[in-house]
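A closer look at the structure
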Amino acid sequence: MLTRGTLIYISQRLVLIVFTVLAVSSAVFLGIHRLPGDALFNEHLHGVEYQNILHHYGLDLPLWQQYTNFLSGMFLHGDLGEPFVNRGVKIAPLVLREATVSAEVGLFALLFTVGLGMLLGVVAAVRQNTWVDYVLSTTSVIGYSMPSFVIATFLLLFFAIWLDNVTQGGFYFQIGWTGTYGTIGEIWLPAFALGFPYASIVARLTRASMLEVIRQDYIRTARAKGLRETVIMVRHALRNALIPVITILGPLVIGIITGGVIIENIFGIPGLGKEFATSILNRDYNIVIGVFTMYAALIGIANLGVDLLYVVIDPRIRY
Amino acid sequence: MTPTSFRFLKALCVGVSALMVVAACGNNPTTTSTNLAADQTLRFPLLDDFGTLDPAIADAETDQEISQNMFNGVVKFDNNLNVVPDIASKMPVVSSDNLTYTFSLRHDVTFSNGDKVTSKDVLYSWNRAAAMSGAYGTSYGTNLAAIVGYGTASSNKAVGAALEKLLEANDPSVVMSGLTAPDDYTVKVQLAFPAGWFLSAISLTGSTGQLVDVNAVKQDFDNWWTNPATAIGTGPYKMTSRVPKASVDFASVSNWWGSPKPTITKVHLDIINDASTAITKYEQGGYDIYGYGGYSNAPVADVLRIQGTPSEKSQLLIHAKVRTTWLSFNMVSDNKRLAKGPFTLDGGQSAHDLRLAFALAIDKKKLATVVCSDVVCEAATGGLITKGLIGYLGDGADPLGAYDPAKAKSLLTGADPTGSKTKGLTYVYDPSNPLNKPTAEFLQSQWKDNLGVSVELQAVSHSAFIKSRLKGDYVLSRDGWQADYNHPQDWFDNLWGSALGCPDSSCTTGYHTQAYDDLVKKADQETGDAALADYKKLSQMLIDDVVYIPLFYSRGSFLFKPYVKGAGTNNFVDYPWAGIQILSH
């Protein structure tokens, strides 16, 4: 599968990702320094002490010098510096760890998106114009009409609060994570909240695609050959119906990655999304740049992964 | 798909969903008893990671709340905010001229790694804090500013390992000459000038007066506190693990020298940014406490909901904290200050009456009801200094805290009969604190209703706001102060007067008079009742000149499970972990 052409394609994309990361981090670096206020000035730290701390962090240097220091740190040493608010923490390993936490949530959300979405889409298509189809289609409409944070709020109200009250603390969803990475019990609800709106989109797309495919001559031929319905659906219909789904997987993955910003804050998940929000609110330049840089890399790599999936799903596609 | 396979799929979905719900569910027993629980683990959330646990540079409330359990000073504030001996065996002997403090240290104090604490550790820790205050830009280095030689030490620019070398060599450039150790257990402090606030300043929790272990610090001068192996202090708890921005764990130090001996053996902190999420987890039984670690500013809606829930109401503690919010006027008009306005001192009696009119037109009690639901703040009627602290004037003692719309209108009419002076005013605030916007809107409506004056509102992001405010850019602005320690000095010489830099440097109002400057200087040098009397005179001076409009005193909201014994708070900090017990439940 990994032909020379594919390897060249991957290499080109990786180079493109590096340039994208550079462009994003530079834009953020320059942009954030134009924002009013900073992380260090406050009622207790001003005057001479403030000037001293600016000097300590090199923030009293001309902007171009700060920028070259930043670039050399990032590219020569893989060092994104330290946060101003939380001292003694190296940003590069921090955001890398947080990115893996977000990736964990994102992957589970993607499982919901693709698995649940396709399941609902196939069932709705197979049971077209029955009550099952109507229920699933309505659910899909509700799903993609509601932003993930609204869904998350409802889910929390039901699973974390209502269920806790009704069962007198017997059964409920325990909010927050107990470790750095989540367990299945901790991750399923945020992943569902994050993935469900996109699952609804996949469901509608799969249903439409399946309805088109199952009317094709080759499906009729398969039935005439006496193949079992399950085999026809999974091997012949679904595989062909998947291509449009894969096409929108790229934007969906980006949606899931960026959607994590809100979901991680609501569920108290120590990922990149949570960092994104707090670092901006804290005006913590270094960490904001680190987070954006990591997001740019994540989105670039996710898009590359989706593009490579085409090759797996559709043998006609070659790079 | 056949009907059979569809039914199978349906059953599979239901089954998987049920399994996930069961897997995700926990157990939350609620009964209590007076016996200690087998598991003495205390769990509570922080809404952000701490900034540093290095006492030399720590300046955030969270840093201090956490590190008070890891470090000690020679003296400390007890739970009732009195200065008492900590690693000192008794209160210091103070010379008659108030310039020399002699501390005798306990002989049984050790760091958590077993190193014995001697007077050399006090010298090292305080010199290090003084030396770092310049090069690192710290907020609380000046707590040591009264010691002879502070100026020299704090002006050095060495950092990291270079500074460590200088400290270990007792290099004169980083050593305060007023700090000496006649023997292993005596520390003598020579002050450059009498400072009645000195003991309070070095008692500040988790800050520059706390002791660090040279053997731990020299392993990584800047980041020794981040590594559990070198995060060594004299306190009853030591860090055992830390995942930055996610969680941190502590364990009690076995055979700790102090008292009470810790019952809680482990402390687990999660960093959860959303207060409501953290409260929900507390309610589910995921935490034993909410509000510890400097995060007692719970959302009003959550506090009201809990107050209305019979089973949870008794777990809620609302306690006065140490922040006063007031409104500041621009009181000086000069070329360096952007703001002018009608309230400046050179406007004489007319400007004074205008300031008083704006003050009396605000119903502070209604403000606390509207903005804080009478929960997270209370009306500021007892002066600048927050209720419960030394220097508080008493309920209703501040005439600027009164509400008298008729007098306000009369004063306005006399001072500004045509309305030209009060036309086009703008009140500037920072919306980072959720109370500031509703406060601004309330003020606007009160001035409109009671004075007929239209004031525009302008929101500016926090640090930009503080920067501009301290430069004198605003005619009317949100102001306030969160006290560092329980001493009135912390409310006067750093907020008004020439010593601060007024009128043109780091001064919101620009206010400075010779009488104020002289009295601040005198009060700062005095101790006891004499000092208190003069600080109260300073309060009166600010009242007479209508320098501020008092608005509200902040309160903290805490939640404690019924099985948590010994937890609580004073106005400044949480009660230490060492005094807490988990009862069986």
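Below or above, wherever it landed, is the structure these notes cover. Given the structure is predicted, the values throughout are model-derived calculations rather than measurements.

**Focus: unusual backbone geometry**
Leaving glycine aside, a negative phi is the common case for residues, and trans is the common case for peptide bonds. All names here are of chain B. Residue P260 is reached from S259 by a cis peptide bond, and omega for that bond is 0°. Mapped onto the secondary structure, P260 falls in the loop between strand 9 (247–252) and strand 10 (266–271). In this structure, P503 follows C502 across a cis peptide bond, with omega equal to 15°. With respect to the helices, strands and loops of the structure, P503 is situated in the loop between strand 16 (476–482) and helix 16 (514–525). With a phi angle near 55°, D374 is a residue other than glycine that sits in the positive phi range. Topologically, D374 is positioned in the loop between helix 12 (364–372) and strand 13 (377–379). The backbone phi angle of S506 is positive, close to 50°, even though this residue is not glycine.

**Considering the sheet that holds strand 6 (residues 179–183) of chain B**
In a beta sheet, neighbouring strands pair by backbone hydrogen bonds and run either parallel or antiparallel. All names here are of chain B. Read across the sheet, 4 strands follow the order 4-5-7-6 without closing on themselves; strand pairing throughout is antiparallel. In this open sheet, the two edge strands, each paired with only one partner strand, are strand 4 (93–94) and strand 6. Pairing geometry for strand 5 (residues 100–104) and strand 7 (residues 186–190), over 5 bridges, is antiparallel. Opposite F103, over in strand 7, you have V187 as the bridge partner.

**Brief notes about helix 8 (residues 217–224) of chain A**
With 0 of 8 residues buried, helix 8 of chain A is to be regarded as a mostly surface element. Two residues or fewer after helix 8 of chain A comes G226(A), characterised by a positive phi angle close to 90°.

**Quick word on the nonpolar core**
Formed by 261 residues in total, the largest nonpolar core has its most connected members in I289(B) and A357(B). No other element matches helix 4 (residues 91–126) of chain A, which puts 19 residues into this core. Discounting residues that sit within four places of it in the chain, A357(B) has contacts with A408(B), L411(B), L412(B), A415(B) and L451(B).

**Details of the interface of chain B and chain A**
At the junction of the two partners, chain B supplies 55 residues and chain A supplies 52 residues. Elements supplying a minimum of two residues to the side of chain B that touches chain A: helix 1 (3–24), helix 3 (119–135), strand 10, helix 8 (275–284) and helix 15 (462–471) of chain B. Class assignment for the residues of the side of chain B that touches chain A results in 20 nonpolar, 26 polar and 9 charged.

**Digging into the pairing of strand 12 (residues 316–329) of chain B**
Residues and elements named next belong to chain B. Examined bridge by bridge, strand 12 and strand 17 (residues 548–560) share 10 bridges and lie antiparallel to one another. Note that in strand 17 the partner of L317 across the bridge is F558. Pairing of strand 12 with strand 16 involves 7 bridges; the strand directions are antiparallel. Paired with S328 across the strands is S477, a residue of strand 16.

Definitions and limits used
- Residues numbered from 1 in each chain as written.
- Chains lettered and ligands numbered in written order.
- Predicted model: local features only at pLDDT ≥ 70, side-chain atom pairs only at ≥ 80, totals over all residues.
- Helix = DSSP H or I, 4+ residues; strand = E, 2+ residues; numbered from the N terminus.
- Pairing = 2+ DSSP bridges.
- Buried ≥ 20, exposed ≤ 12 C-beta atoms within 10 Å, placed from the backbone.
- Core = buried A, V, L, I, M, F, W, Y, C linked by C-beta atoms within 7 Å.
- Contact = placed C-beta atoms within 7 Å.
- Nonpolar A, V, L, I, M, F, W, Y, C, P; charged D, E, K, R; others polar.

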